[in-house]
Amino acid sequence: MHKVAVVVVCALVAIVSGVEVQLNHFEPQDIYAEPNCAIVKDHTRMFRDISDPTHYWICPEGQAKASYIQCPPNEAFMEKPQKCVPWEEWKWVEPYTK
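Bear in mind the structure is a predicted one, so any value in this text is a computation, not a measurement.

(A) Inspection of the overall build of the chain at higher detail. Tallying secondary structure elements over the chain gives 1 helix and 5 strands in all. The linear arrangement of helices and strands in the chain, starting from the amino end, is α-β-β-β-β-β. Looking at the 98 residues of the chain, the share that counts as buried comes to 23%. Partitioning the contacts of the chain with sequence separation of at least 6, the portion at a separation of at least 24 is 32%. For the chain, the accessible surface area stands at approximately 7,300 Å², while carbon and sulfur atoms represent 63% of it.

(B) Expanded view of the sheet that holds strand β2 (residues 55-58). Across the sheet, 3 strands lie side by side as β1-β2-β3; this open sheet has antiparallel pairing. Because the sheet does not close on itself, it has two edges, and the strands there are β1 (46-48) and β3 (67-70). Strand-to-strand twist in this sheet, taken as the mean axis angle between neighbours without regard to direction, amounts to 40 degrees. Judged from the 3 bridges that link them, β1 and β2 form a sheet pairing that is antiparallel. From the neighbouring strand, arginine 48 faces β2, where its bridge partner is tyrosine 56.

(C) The environment of glutamate 75, seen in detail. Structurally, glutamate 75 can be placed in strand β4 (residues 75-78). Glutamate 75 sits 11 residues away from proline 86 along the chain, and the two C-alpha atoms are 4.3 Å apart.

(D) Representation of the pairing of β2 in the model. Hairpin remark: β1 followed by β2, antiparallel, with 6 residues in the connecting loop. Both β2 and β3 contribute to a ladder of 4 bridges, which runs antiparallel. Within β3, the position partnered with tryptophan 57 by the bridge is tyrosine 68.

(E) Structural context of the pattern of salt bridges. Counting across every chain of the model gives 2 salt bridges. Between glutamate 34 and lysine 65 there is a salt bridge, and its shortest N-O distance comes to 3.1 Å. Of this pair, glutamate 34 sits in the loop between α1 (2-23) and β1 while lysine 65 sits in the loop between β2 and β3, and the two are 31 residues apart along the sequence. Note on lysine 65: relative accessible area 53%, which makes it exposed. One salt bridge connects glutamate 79 with arginine 45, and the closest N-O pair in it is separated by 3.4 Å. One end of the pair, glutamate 79, is in the loop between β4 and β5 (83-86); the other, arginine 45, is in the loop between α1 and β1, with 34 residues separating them in the sequence. In this structure glutamate 79 comes out as buried when scored by relative accessible area, which is 18%.

Criteria and thresholds
Residues numbered from 1 in each chain as written. Predicted model: local features only at pLDDT ≥ 70, side-chain atom pairs only at ≥ 80, totals over all residues. Heavy atoms only, no water. Helix = DSSP H or I, 4+ residues; strand = E, 2+ residues; numbered from the N terminus. Buried < 20%, exposed > 50% of the residue type's maximum accessible area, 1.4 Å probe, protein only. Contact = heavy atoms within 4.5 Å. Areas by Shrake-Rupley, 256 points an atom, 1.4 Å probe, with all protein chains shown as cover. Pairing = 2+ DSSP bridges. Axes fitted to C-alpha atoms, helices over the stretch in contact; angles between N-to-C directions. Salt bridge = Lys/Arg side-chain N within 4 Å of Asp/Glu carboxyl O.

Right under this line is the structure:
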């Protein structure tokens, strides 16, 4: 009975870990270069430009090439809130790389 309980607990931990990994999963295009619009599913999503936080990329639906957008003056793009914020609010976030 003890072995069964250990197996069940291990299975639950694996499932919960898998859910967390899935929630934090990044598509291969998330390398902070121009996104491949052919595989983008969420056309409202903005993609960070790691080399220039004052810009971001978007893939408008039906458009093959991404648009490169500049934030307003004195603002930088934050990926998590999906918007440009004043420099005072901007924080560096370590980029995801494979």
